[in-house]
Amino acid sequence: MANNLLKGKTGVIFGALDEQSIAWKVAERCHEEGAKLVLTNAPVAMRFGAINQLAEKLNAPVIPADATSLEDLENLFSKATEHFGGKIDFVLHSIGMSLNVRKKKEYTDLNYEWMKTTFDISAISFHKVMQTLLKQDAMNEWGSIAGLTYIAAQRVFPDYSEMAESKALLESFARSFGYHFGTQKKVRVNTVSQSPTWTTAGSGVKGFQEFFDYADKMSPLGNASADACADYCVFLFSDLSRMVTMQNLYHDGGFSSMGMNPAVLGL
Ligand SMILES: NC(=O)c1ccc[n+]([C@@H]2O[C@H](COP(=O)([O-])OP(=O)(O)OC[C@H]3O[C@@H](n4cnc5c(N)ncnc54)[C@H](O)[C@@H]3O)[C@@H](O)[C@H]2O)c1
């Protein structure tokens with residue numbers, strides 16, 4: 001159901017790898033709501049993913065950028081503003097990757113060089129994106145920037161490993177940069193804390209099926225799907241959320257407020 005909520009707006013979407021990616025769904029919904037888009041992902045994802053199919057469908061260019069490289073980000077935002085013929089209204093950071101999780105290292109035996117790379121990709125890249133946007137003065141006033149996160153930043157989910165700390169850092173960058181972007185440019189910055197979702201990144205977590213089922217049972221509304229997340233992001237990019245900033249917003253069917261749900265105990 002399209003309501004032209006993003007008519008006339010321009011957005012850059014990071015992280016659409018394949019049809020299951022949350023960013024993929026967000027890009028489709030933003031397009032439906034009338035936004036003009038630029039898609040981006042790491043150069044390596046161009047080879048493994050299906051981003052070009054999405055680009056064709058949405059009539060949006062793909063500008064590759066490794067989100068840890070300032071040079072790539074500078075190139076991305078200059079090309080995006082050139083393509084739009086003006087500044088950017090919204091940006092989605094939908095990037096996550098843990099080397100220690102991928103290589104199945106236990107939390108009590110982590111490789112710290114890999115951990116640094118994990119933080120760089122999954123969290124510091126959010127700061128780099130915002131710093132580059134601010135330096136280039138590339139965002140329109142009342143623009144909106146959102147990053148995707150997970151409740152392991154607040155509560156312990158042992159198999160989420162170092163991604164928990166990545167998300168804590170990501171959420172903190174949203175608050176701290178939200179202050180600077182808000183006061184200087186009236187741009188808002190938030191994180192969306194999403195339910196477990198079946199994607200490449202999500203299913204890389206050990207025991208993901210059990211994890212997914214548990215959260216689904218625990219949440220009064222069940223797990224929020226990637227499609228529902230896309231709806232919520234449209235709201236955050238629209239003018240309907242102009243005064244919401246520096247927030248970590250739970251989009252999880254109620255999971256974050258639950259203590260115990262009889263359904264989980266089979267009662
Ligand atoms: N799937 C879940 O259960 C879940 C739950 C809550 C939050 N999230 C978050 O949602 C976001 C999107 O993940 P997803 O579940 O859609 O999985 P996904 O695997 O489809 O997306 C992750 C993306 O990160 C990109 N990426 C990795 N390294 C990069 C780099 N150096 N530069 C640029 N891009 C890079 C990948 O190419 C990929 O497109 C992540 O931040 C993830 O942590 C996911």
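Our structure's up above, just so we're on the same page.
As the structure is a computational prediction, the values presented were derived from the model and not from experiment.

*Asks:* Requested: an account of the nonpolar core, with residues and values cited.
*Replies:* Formed by 59 residues in total, the largest nonpolar core has its most connected members in Ile 13, Ala 27 and Cys 233. Residue contributions to this core peak at seven residues, all from helix α9 (residues 226–237). Once you skip the residues sitting within four places of it in the chain, Cys 233 turns out to touch Val 26, Leu 92, Ala 146 and Val 192.

*Asks:* Tell me about the site of the ligand, and please be specific about residues and values.
*Replies:* Taken together, 27 residues surround the ligand, and among them Ser 21, Gly 96, Thr 199, Ala 201 and Gly 202 come closest. Its residues assigned to classes, the shell around the ligand shows 14 nonpolar, 12 polar and one charged.

*Asks:* Hey, could you go over the sheet that holds strand β3 (residues 88–93) for me, with residue numbers and the actual values?
*Replies:* If you trace the six strands from one edge of the open sheet to the other, you get β2-β1-β3-β4-β5-β6, paired in parallel fashion. On the outer flanks of this sheet lie β2 (36–40) and β6 (247–251), each paired with one strand and no other. Taken pair by pair, the neighbouring strands of this sheet meet at an average axis angle of 20°, ignoring direction. Bridge count for strand β5 (residues 188–194) against β6 is five bridges, and the pairing is parallel. Residue pairing for β6: Val 192 is matched across the bridge by Leu 249. Across the sheet, helix α4 (residues 70–84) lies against β1 (10–14), β2 and β3, angled at about 155° from β2, the strand it touches most. Most of the contacts of helix α6 (residues 112–135) go to β3, to which it runs at about 165°, and overall it touches β3, β4 (139–149) and β5.

So, how was this worked out
The residue numbering used here restarts from 1 in each chain and proceeds along that chain's sequence as written. Thresholds applied to this predicted model are a pLDDT of at least 70 for local features of residues and 80 or more for the giving and counting of side-chain atom pairs; totals over whole chains, interfaces and linings are not thresholded and use all residues. Joined through C-beta atoms within 7 Å, a set of buried Ala, Val, Leu, Ile, Met, Phe, Trp, Tyr and Cys residues constitutes a nonpolar core. Three exposure classes are used, based on other C-beta atoms lying within 10 Å of a residue's own C-beta, which is placed from the backbone: buried for 20 or more, exposed for 12 or fewer, and partly exposed in between. Counting from the N terminus, the helices are DSSP H or I runs at least four residues long and the strands are E runs at least two residues long. Two residues form a contact once the distance between their C-beta atoms, set from the backbone, is within 7 Å. The criterion for a residue being near a molecule or strand is simple: its C-beta atom, placed using the backbone, must lie within 6 Å of it. In this classification, Asp, Glu, Lys and Arg are treated as charged, Ala, Val, Leu, Ile, Met, Phe, Trp, Tyr, Cys and Pro as nonpolar, and every other residue, Gly included, as polar. Between any two strands, pairing holds if DSSP finds at least two bridges. Axes, fitted as lines to C-alpha atoms, cover a helix only where it is in contact. Angles between the N-to-C directions of the axes lie from 0 to 180 degrees.

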